[in-house]
Amino acid sequence: MGIFGSREDRFARQVLTALRDAGVADARYDRDQFAIHVRHPIAGGSPSIAYLGNIFRECRDAVGRSGGSASPGTCPRWSSSGAPETWDEAAPLLRPLLRAVTFGLGVPAGSPALVRRPALPMLDEVVAVDQPTSMMYVTTRQLEQWGVPASVVHDRARRNLPWSPSTPSTPAAGADARAGAAVIRMVDDGDAYCASHLLLPGWLAAQAGRVGGPPVAFVPDTTGLLLAASADGIGPLFAAVEEEYRDAARPISTMAYTVDATGAVVPYEAPPGHPLHAVVHRSEVLMAAAEYGTQAAHLGPDTDTDPFAATFTVAERPDRSVFSVATWTEGVDTLLPRADYVSFGSFLVTWDTLTREVDLDPAPGLAPERFRLRGWPHPGVVARLRAAAVTP
């Protein structure tokens, strides 16, 4: 770190300067959270928290493409605008958003929670207020102020998203039609909310005619959505999506999604023996690794009595297929992530084997799911687990 602080510190000071130039007097930088806290001038208002990590990466990437130095002026518009104060004002501005389940972790204690509900494995549906020059996430404080329940907010946000089976799209770069099936990239212009269309009942099912078969969707980040027809040949798309996810300023998912017999959106599955099993499983493991890693960074332990958040470890075989391992250590109060295999130090067992021998209770309030292990299994259980040990 130089005498003027890190690049992150210097960027934060630029943001503070821009805010104060815009007339925002009550703003401060939180270095530990890499965030700006802004208190709006309304009675009883609590601070809004703007996390700078994503916008810093966007600015850094923009500078890398164009040259120059990173500053808020080269990046997406910053605004200190607050939420509308009444439900009638807010309702038409609401939009639904897909976000990872760990989105929003690290908010200081006492801050209002995001309004959210489960959408898909590892993904939640949150709600934003979309105003001409800003966007802010809806929290429980707004629910209290507006006097409406979360379900009403979610439902209205979805109704505000135009339902159209032919949302504007462009052919994906390098993608060719295969046996009448198209590969389509829907590019978000800032108002289309392409990724959010997966939340609309019936929308993905209606894409079958456009792609020439049962539809499959990918949402690597917030900039758009990729559509294709379900076929063995979509394997290369998983690798492309993984790369986009890794490079994204605001990643969403490495996984693929399709529809079930009722038209509901579900994760794309490829059971053992299926030609796409390895690539589909890889996408699931990498998504879980990202979310468990983010979660673990915020779990502590803060004291000697807090449980240990076991690491979700990913191992890669020479053919690029992967598997996950979590470790249960004797004598350690542990929060165990769901993994392909569980290590007992000298041997591994599959997750299914573990659940047959041990009753696992999910720890409340954690997403993604973890299981609290306060004690070591009975010696007879350990012996049976050892007898069922496998080599991945």
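Residues numbered from 1 in each chain as written. Predicted model: local features only at pLDDT ≥ 70, side-chain atom pairs only at ≥ 80, totals over all residues. Heavy atoms only, no water.

Student: Break down the overall build of the chain for me, citing the residues and quoting the values.
Tutor: The secondary structure content of the chain amounts to ten helices and 20 strands. Considering the chain as a whole, with its 392 residues, one finds that 43% of them fall into the buried category. Counting only contacts in the chain whose residues sit at least 6 apart along the sequence, the fraction spanning at least 24 positions is 59%. Approximately 19,500 Å² of the chain is accessible, and the part contributed by carbon and sulfur atoms is 53%. (Helix = DSSP H or I, 4+ residues; strand = E, 2+ residues; numbered from the N terminus. Buried < 20%, exposed > 50% of the residue type's maximum accessible area, 1.4 Å probe, protein only. Contact = heavy atoms within 4.5 Å. Areas by Shrake-Rupley, 256 points an atom, 1.4 Å probe, with all protein chains shown as cover.)

Student: Let's hear about the sheet that holds strand S14 (residues 308-309): which residues, and what values?
Tutor: Working definition: the strands of a sheet are paired by backbone hydrogen bonds and lie parallel or antiparallel to each other. Taken together, the three strands give an open sheet; going across it, the order is S14-S17-S20, and neighbouring strands pair in mixed fashion. Each edge of the sheet is formed by a strand with only one pairing partner; in this case those strands are S14 and strand S20 (370-373). Across four bridges, strand S17 (residues 334-337) lies against S20 in antiparallel orientation. Counted as the bridge partner of threonine 334 is leucine 373 from S20. Relative to the sheet, helix H8 (residues 277-299) contacts S14, S17 and S20, its axis offset from that of S20 by approximately 45 degrees. (Pairing = 2+ DSSP bridges. Axes fitted to C-alpha atoms, helices over the stretch in contact; angles between N-to-C directions.)

Student: Can you explain the packing of aromatic side chains? Please cite residues and give values.
Tutor: Two numbers describe a pair of aromatic rings. These are the distance of the centres and the angle of the planes. Applying the stated criterion across every chain, the model contains ten aromatic pairs. Each member of the aromatic cluster is reached from another via a ring pair, and the members are Trp328, Phe344, Phe347 and Trp376. The ring of phenylalanine 103 has arginine 99 lying over it, and the distance from NZ or CZ to the ring centre is 5.7 Å. (Phe/Tyr/Trp six-rings, centres within 6.5 Å; stacked < 30°, edge-to-face > 60°. Lys NZ or Arg CZ within 6 Å of the ring centre and 35° of its normal.)

Student: Describe the packing of helix H7 (residues 235-247) against H8, with residues and values.
Tutor: Between H7 and H8, the shortest axis-to-axis distance is 10 Å and the interhelical angle comes to 15 degrees. Put simply, H7 runs roughly parallel to H8. At the point where H7 passes H8, the crossing takes the left-handed sense. Residues Phe238, Glu242, Tyr245 and Arg246 of H7 form the contact with H8, whose participating residues are Val279, Val280, Arg282, Ser283, Leu286, Met287, Ala290 and Glu291. (Parallel < 35°, antiparallel > 145°, perpendicular 65-115°, else oblique. Left-handed = near helix turned anticlockwise from the far one by under 90°.)

Student: Any chance you could break down the pattern of salt bridges for me, citing the residues and the numbers?
Tutor: Going through the model one piece at a time under the given rule, you end up with twelve salt bridges. Between arginine 158 and glutamate 125 there is a salt bridge; the shortest N-O distance is 2.8 Å. Here arginine 158 is found in helix H5 (residues 150-159), whereas its partner glutamate 125 is found in strand S6 (residues 123-131), with 33 residues between them in sequence. The exposure class assigned to arginine 158 is partly exposed, which follows from its relative accessible area of 22%. Glutamate 125 gets classed as buried once you look at its relative accessible area, which sits at 0%. A single salt-bridge network, built from bridges that share partners, covers Glu242, Arg246, Arg282, Glu316 and Arg320. (Salt bridge = Lys/Arg side-chain N within 4 Å of Asp/Glu carboxyl O.)

Student: Residues and numbers for the confidence of the model for the chain, please.
Tutor: Of all residues in the chain, 80% attain a pLDDT of 70 or more, and the chain-wide mean is 83. Taken together, the stretch residues 62-69 has pLDDT below 50 and engages in six contacts with residues farther than four places along the chain or on a different chain. For residues 73-81, every residue scores under 50 in pLDDT, and the model assigns this stretch 25 contacts once sequence neighbours within four places are set aside. (pLDDT = per-residue confidence, 0-100.)

Student: Quick one: what's the story with the pairing of strand S11 (residues 224-229), residue by residue and with numbers?
Tutor: For a regular strand, side chains alternate in direction, first toward one face of the sheet and then toward the other. Within S11, six of the six residues are buried, which leaves it mostly tucked inside the rest of the structure. Residues Gly224, Leu226 and Ala228 point to one face of S11 and Leu225, Leu227 and Ala229 to the other, with burial holding for every one of them. As defined by bridge partners, strand S9 (residues 184-187) adjoins S11 across four bridges and the pair is classed as antiparallel. Note on S11: the bridge partner recorded for isoleucine 184 is leucine 227.

Student: Lay out the sheet that holds strand S16 (residues 322-327) with the relevant residues and their values.
Tutor: In space, the four strands of this open sheet follow the order S15-S16-S18-S19, with mixed pairing throughout. The open sheet has two free edges, formed respectively by strand S15 (313-316) and strand S19 (348-350), since each of these has just one partner strand. Strand-to-strand, the axes of this sheet are offset by a mean angle of 35 degrees, without reference to chain direction. Relative to S19, strand S18 (residues 341-343) runs antiparallel, the two being bridged by three bridges. Bridging from a neighbouring strand, tyrosine 341 pairs with threonine 350 of S19.

Student: If you had to explain H5 to someone new, which residues and values would you point to?
Tutor: When H5 is considered as a whole, its buried residues turn out to be Val153, His154 and Ala157. Angular distribution of buried residues about the axis of H5 spans 95 degrees; they occupy a single face of the element. Buried residues in H5 make contact with helix H3 (87-90), strand S4 (94-100), strand S5 (116-120), S6 and helix H4 (140-146). (Arc of directions from axis to C-beta.)

Student: Provide a residue-level description of unusual backbone geometry, including the pertinent values.
Tutor: Of note, the bond from alanine 367 into proline 368 is cis; its omega dihedral lies within 30 degrees of zero at 0 degrees. Mapping proline 368 onto the fold places it in the loop between helix H9 (351-357) and S20. Not every positive phi belongs to a glycine, and methionine 122 is a case in point at roughly 70 degrees. As for its position among the elements, methionine 122 is in the loop between S5 and S6. The phi dihedral of tyrosine 193 falls on the positive side, at around 50 degrees, and the residue is not glycine.

Student: Describe the nonpolar core, and please don't skip the residues or the numbers.
Tutor: Core analysis: the largest hydrophobic core is formed by 54 residues, its most contacted members being Leu198, Leu225, Leu227 and Leu354. The leading source of residues in this core is H8, at four residues. (Core = buried A, V, L, I, M, F, W, Y, C linked by side-chain atoms within 4.5 Å.)

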